[in-house]
Amino acid sequence: METDKWIEEGYKMAMEYAPKLVMAILIWIIGNIIFSRILKIVKKIMEKRDYDISLRKFLANMLYWTFKIILILVVLGTLGIETTSFAAVLASVGLAVGLALQGSLSNFAGGVLILIFKPFKIGDWIEAQGLSGTVKEIGIINTTLNTFGNQLAIIPNGKLSNDNIVNYSAEETRRENITAGISYDSDIKKAKEILLDIVTSNEKVLKTPEPQVMVAELADSSVNLSLRYWATNANFWDCRWYVIEEMKHRFDAEGIEIPYPHQVEIQKQG
């Protein structure tokens, strides 16, 4: 009799839980199939939009584990297991981790934004957070610059994504504006002709847009001329250094005075 009772109880349990078990298995299998296809589509979209490979891997892993956790909770709920406590524990753990890693999460979010919107890329020369240099690496947490003096500068992505960024490499060409101060006694027209000749005779200076020289300011001790010209990023600094040096040589040769502060020594009568 005892054996028959156990068999009867087992039969009842099997009849009660078998449909739930079958349903849970079907949900697990179908859910994984659907998610695999969704994940493939998401990966293709990220590839087409040329997301950084490290960002693609991170987002794919995050999406994968998020789905797995949700699917496990759904399966447990289908089996009749109470999942409210699990959800509460996960929420508490997430909150605790978020508070403990608040700064890191801010940097992480900034890194994701930078990798998605791409205000700059590796190899660009940028200026941000009081630093300037060539972008060496874009990480999830930090961005690394190689400065002009060959120092390594590490900037947290949280600050970088929430402040001004100047990307000098974003465009193929750049405009330079050099101020040349001449004395009030010098010939303005002649000085302008010299400056224009310096840039138009240099093959590295672009002819379009056309270089310009204009009187920018009548200062206290000088007439300030503004020389504006365009050059490619590759030739920008060569052009600037050439123009400044050649301007001094040509002004001296043509008698154009560049004013500078004079000290007058007053000798006391004894």
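The structure reproduced in this document is the subject of the present report. (Residues numbered from 1 in each chain as written. Predicted model: local features only at pLDDT ≥ 70, side-chain atom pairs only at ≥ 80, totals over all residues. Heavy atoms only, no water.)

1. Let's talk about the overall build of the chain
Put simply, the rule is: For the purposes of this entry, the term helix denotes a DSSP run of H or I that reaches at least four residues, the term strand denotes a run of E that reaches at least two, and both are numbered from the N terminus. Exposure classes here rest on a 1.4 Å probe applied to the protein chains alone. A residue is buried below 20% of its type maximum, exposed above 50%, and partly exposed in between. Residue contacts are counted whenever heavy atoms from the two residues lie within 4.5 Å of one another. Exposure was quantified through the Shrake-Rupley algorithm and a 1.4 Å probe, taking into account, for residues, occlusion by the shown protein chains and nothing else.
Counting secondary structure elements, the chain contains seven helices and eight strands. Burial analysis of the chain (270 residues in total) assigns 27% to the buried set. Contacts spanning at least 24 positions in sequence make up 61% of the contacts within the chain whose residues lie at least 6 apart. Here the chain displays about 18600 Å² of accessible surface, and carbon together with sulfur accounts for 59% of that area.

2. Considering the environment of G110
Tracing the chain through its elements places G110 in helix α4 (residues 102–117). A relative accessible area of 1% means that G110 is categorised as buried. Spatially, the C-alpha atoms of G110 and I140 are 7.9 Å apart, while their sequence positions differ by 30 residues. Apart from residues no more than four positions distant in its own chain, G110 is found in contact with N157 and S161.

3. Section: the sheet that holds strand β3 (residues 142–147)
Our working definition: Two strands pair if DSSP finds at least two bridges between them.
In space, the five strands of this open sheet follow the order β4-β3-β2-β1-β5, with antiparallel pairing throughout. Edge positions in the sheet fall to β4 (152–156) and β5 (166–167), since each has one partner strand and no second. Here strand β1 (residues 125–128) pairs with strand β2 (residues 131–138) via four bridges, running antiparallel. Following the sheet pairing, W125 is matched in β2 by T134.

4. Brief notes about the packing of helix α6 (residues 188–200) against helix α7 (residues 236–254)
For clarity, the cut-off: What counts as an axis is a line fitted to C-alpha atoms, over the stretch in contact for a helix, and the angles between N-to-C directions run from 0 to 180 degrees. To sort the angles, those under 35 degrees are grouped as roughly parallel, those over 145 as roughly antiparallel, those from 65 to 115 as roughly perpendicular, and the leftovers as oblique. Crossing chirality is assigned from the near helix's rotation relative to the far helix, an anticlockwise turn below a right angle marking it left-handed and a clockwise turn marking it right-handed. Side-chain classes follow a simple rule in which Ala, Val, Leu, Ile, Met, Phe, Trp, Tyr, Cys and Pro form the nonpolar group, Asp, Glu, Lys and Arg form the charged group, and the remainder, Gly included, forms the polar group.
Across the interface, α6 lies against α7 with an axial gap of 10 Å and an inter-helix angle of 140°. Considered as vectors, α6 and α7 are oriented oblique to each other. In this structure, α6 crosses over α7, and the sense of that crossing is right-handed. On α7, the residues that touch K190, A191, I194, L195, D197, I198 and V199 of α6 are Y242, V243, E246, M247, R250, F251 and E254. Tallied by class, the residues present in the contact of α6 with α7 amount to nine nonpolar, no polar and five charged.

5. Focus: α7
Using the following cut-off: One fewer than the residue count of a helix, multiplied by 1.5 Å, yields its expected span. This arc is built from the directions going out from the helix axis to the C-beta atoms.
The end-to-end C-alpha distance of α7 is 27 Å, a good match for the 27 Å that 19 residues give at a rise of 1.5 Å each. Here α7 has its buried residues at F236, C239, V243, M247 and F251. Seen from one end, α7 has its buried residues packed into an arc of 80°, which puts them on one side. Residues of α7 that are exposed and angled more than 90 degrees away from the buried face: E245 and A253. One or two positions beyond α7, positive phi appears at G255, with a value near 75°.

6. Topic: the pattern of salt bridges
Here is the rule we go by: By salt bridge we mean one thing: a side-chain nitrogen of Lys or Arg within 4 Å of a carboxyl oxygen of Asp or Glu.
Taken as a whole, this structure holds six salt bridges when the rule is applied. Where K121 meets D124, a salt bridge forms, and the shortest distance between an N and an O atom there is 3.2 Å. Notably, a salt bridge pairs E254 with K190, separated by 3.3 Å at the nearest N-O pair. Placement of the pair is E254 in helix α7 and K190 in helix α6, with a sequence separation of 64 residues.

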